[in-house]
Amino acid sequence: MELDIRRLSPQLANDYMYYFKNDAFSDHRDWAGCFCLHFHLDKKLAASYEAFCKTAHQDDLSFSLHYAEQYVKNGIIQGYLAYFNNRVVGWCNANDKQEYAALKSNVDPGLWTDDGDKKVKSVVCFSVAPDMRGRGISTTLLECVCSDALIEGYDFIEGYPLAGECDMYAAHHGTVALFEKCGFTLHKQSDGNCIMRKLYHA
C-alpha cells in the first residue's frame, strides 16, 4: 500500500482536525474529545480535560477543538499524518520529550528517570482509521519518526506501550511488538507500563 507520510504543520491543521472529528474515533465515541491532546496538557487544564473526555457528544467538543487548533497552529502538537488516496488514515504523535507537559510532570520513580543532557524524541500515541487497520500504517509512521530523529541528532527515541496483551484501544501508545519491529528494546518497566528505547548516540 502506497502511503504518503507528511509531517504535521500549521498548513495541515484542517486535515488534522477533520481526521479527529470524523475518522479517528468513529468506532469509539467515548474518546471523541481526545484530539491527541492528553500529553500536552499542563496541570491547570488536566482536570477540565478529564471531565470533558467523559462526554462523547460530537456537538460539545469546544474544549478540545479550541486547544487542538491552537496547539497545531502554534507547533505544540507535532507528529506525522499518513495519507492514502489523499485522505488522512493515520496519525503518530511524536515530539521532543521536553515538549510534553504530561511527561515532565510524571513522577513515578519506578519508570521515569532524569535524561540529563540527552536529546530524546518521544512517541506517545498512534491512531489509525478503523477501516484501515491491520495494513502496517503504524509501522510506516514509526519508521518515518525514527528516520527523521536520526537526521535531527536525537540521542534516542522513546515509546511508552503497555506491557502484555491489550485491545486495540489500549494499544494507542503502540505495542511492544511494534516498537521491537522498528529496532526498539525494553529500557524500563513498572507495573504494566514500559519504556522502549532506540539508541542512536551513546
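See above for the structure.
Residues numbered from 1 in each chain as written. Predicted model: local features only at pLDDT ≥ 70, side-chain atom pairs only at ≥ 80, totals over all residues. Heavy atoms only, no water.

S.K.: Outline the pairing of strand β5 (residues 156-159), supporting the account with residue identities and numerical values.
M.R.: Burial along β5 is two-sided: the face carrying Phe-156 and Glu-158 and the face carrying Ile-157 and Gly-159 are both buried. Direction of pairing for strand β4 (residues 120-128) relative to β5: parallel, over a ladder of four bridges. Within β5, the residue paired with Ser-122 across the bridge is Glu-158. Remark: the β4/helix α5 (residues 137-151)/β5 crossover connection has right-handed handedness. Summarising the sheet, β5 and strand β7 (residues 193-199) pair through four bridges and their orientation is antiparallel. (Buried < 20%, exposed > 50% of the residue type's maximum accessible area, 1.4 Å probe, protein only. Helix = DSSP H or I, 4+ residues; strand = E, 2+ residues; numbered from the N terminus. Pairing = 2+ DSSP bridges. Right-handed = clockwise from strand over helix to strand, strands pointing away.)

S.K.: Tell me what's going on with the side chain of Ser-138, and back it up with residues and numbers.
M.R.: Summarising the element assignment, Ser-138 is placed in helix α5. Here Ser-138 is in contact with Phe-126, Val-128 and Leu-178, once residues within four sequence places are set aside. (Contact = heavy atoms within 4.5 Å.)

S.K.: Tell me what's going on with helix α1 (residues 13-22), and back it up with residues and numbers.
M.R.: By the burial criterion, the buried members of α1 are Ala-13, Tyr-16, Met-17, Tyr-19 and Phe-20. The buried residues of α1 occupy one face: seen down the axis, they fall within an arc of 160 degrees. Facing away from the buried side of α1, by more than 90 degrees, are the exposed residues Asn-14 and Tyr-18. Looking at the buried residues of α1, the elements they touch are α3 (62-73), β2 (79-84), β3 (87-96) and β4. (Arc of directions from axis to C-beta.)

S.K.: Provide a residue-level description of the state of the cysteines, including the pertinent values.
M.R.: A complete count under the given rule lists zero disulfides for this structure. Unpaired in this structure, Cys-34 has its nearest cysteine sulfur neighbour in Cys-36, at a distance of 5.4 Å. Residue Cys-34 is classed as buried on the basis of its relative accessible area of 17%. Cys-125 forms no disulfide, and the closest cysteine sulfur to it belongs to Cys-36, at a distance of 4.1 Å. (Disulfide = S-S within 2.5 Å.)

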